[in-house]
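This is what each chain is made of:
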Amino acid sequence: DMLSHNSTLTELNVSWCGLTPQSCVSIFKALKHNSSLKKLYISSAKFDQAASEALADMLSHNSTLTELNVSWCGLTPQSYVSMFIALKHNSSLKKLDISDTT
């Protein structure tokens, strides 16, 4: 809940913190309507289908995020499809790192 209402945090780096899929879902849900965060680094988090769907939902609604790093998160082909469909509705994201996601 803190992330969804925070208006000062502009960068969040939780890479290599051992985040579970449920942790990722919680973060993405909170950032869905966040209006201050510009950069999110979440490398090496464990994604499952629910986390991938929450990421896509966040990307289709969030209008302030400009940089996202989801490298080493184990994204599946379906995750990519969902993410890229969501990006059709996102005009703020300028940099996306999906390297080494297998």
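These numbers were taken from a predicted model, which means no experiment stands behind them.

Caption draft 1: Seen up close, helix 4 (residues 77–87). When helix 4 is considered as a whole, its buried residues turn out to be Ser 79, Ser 82, Met 83 and Ala 86. Projection of helix 4 onto a plane perpendicular to its axis shows the buried side chains occupying an angular sector of 95°, all on one side. Buried residues along helix 4 sit against helix 3 (49–61) and strand 4 (95–97).

Caption draft 2: Representation of the side chain of Asn 69. Summarising the element assignment, Asn 69 is placed in strand 3 (residues 67–69). With relative accessibility at 14%, the residue Asn 69 sits in the buried group. At a separation of 2.8 Å, a polar atom in the side chain of Asn 69 contacts the side chain of Ser 43.

Caption draft 3: Fine view of helix 3. In this model, helix 3 (13 residues) spans 19 Å end to end at C-alpha, consistent with the 18 Å of a helix rising 1.5 Å per residue. Those residues of helix 3 lying buried are Ala 51, Ser 52, Ala 54, Leu 55, Ala 56, Met 58 and Leu 59. Against helix 2 (21–31), strand 3 and helix 4 lie the buried residues of helix 3. The residue sitting at the N-terminus of helix 3 and contributing the capping side-chain oxygen is Asp 48; that oxygen lies 3.1 Å from the backbone nitrogen of Ala 50.

Caption draft 4: Spatial organisation of the nonpolar core. Membership of the largest hydrophobic core comes to 29 residues, with the highest contact counts inside it found for Phe 28, Leu 40, Ile 42, Phe 47, Leu 55 and Leu 59. Taken together, the elements giving at least two residues each to this core come down to helix 2, helix 3 and helix 4. Setting aside residues up to four positions removed in sequence, Phe 28 forms contacts with Leu 40, Ile 42, Phe 47, Ala 51, Ala 54, Leu 55 and Met 58.

Caption draft 5: View of the pattern of salt bridges. Scanning all chains against the criterion turns up one salt bridge. Between Asp 57 and Lys 32 there is a salt bridge whose closest N-O contact spans 3.0 Å. Of this pair, Asp 57 sits in helix 3 while Lys 32 sits in the loop between helix 2 and strand 2 (39–41); the two residues are 25 residues apart in sequence, bridging distant segments of the chain.

Caption draft 6: Expanded view of the packing of helix 3 against helix 4. Running from amino to carboxyl end, helix 3 crosses helix 4 at an angle of 10°, the nearest separation of the two axes being 8 Å. By the angle class used here, helix 3 and helix 4 are roughly parallel. Helix 3 and helix 4 meet at a crossing whose hand is right-handed. Residues Gln 49, Ser 52, Leu 55, Ala 56, Leu 59 and Ser 60 of helix 3 form the contact with helix 4, whose participating residues are Gln 78, Ser 79, Ser 82, Met 83, Ala 86 and Leu 87. Of the residues assigned to the contact of helix 3 with helix 4, the class counts are six nonpolar, six polar and no charged.

Rules behind the numbers
- Residues numbered from 1 in each chain as written.
- Predicted model: local features only at pLDDT ≥ 70, side-chain atom pairs only at ≥ 80, totals over all residues.
- Heavy atoms only, no water.
- Buried < 20%, exposed > 50% of the residue type's maximum accessible area, 1.4 Å probe, protein only.
- Helix = DSSP H or I, 4+ residues; strand = E, 2+ residues; numbered from the N terminus.
- Arc of directions from axis to C-beta.
- Contact = heavy atoms within 4.5 Å.
- Polar contact = N/O pair within 3.5 Å; in protein donor to acceptor, adjacent residues only side chain to side chain.
- Expected span 1.5 Å × (residues − 1).
- Core = buried A, V, L, I, M, F, W, Y, C linked by side-chain atoms within 4.5 Å.
- Salt bridge = Lys/Arg side-chain N within 4 Å of Asp/Glu carboxyl O.
- Axes fitted to C-alpha atoms, helices over the stretch in contact; angles between N-to-C directions.
- Parallel < 35°, antiparallel > 145°, perpendicular 65-115°, else oblique.
- Left-handed = near helix turned anticlockwise from the far one by under 90°.
- Nonpolar A, V, L, I, M, F, W, Y, C, P; charged D, E, K, R; others polar.

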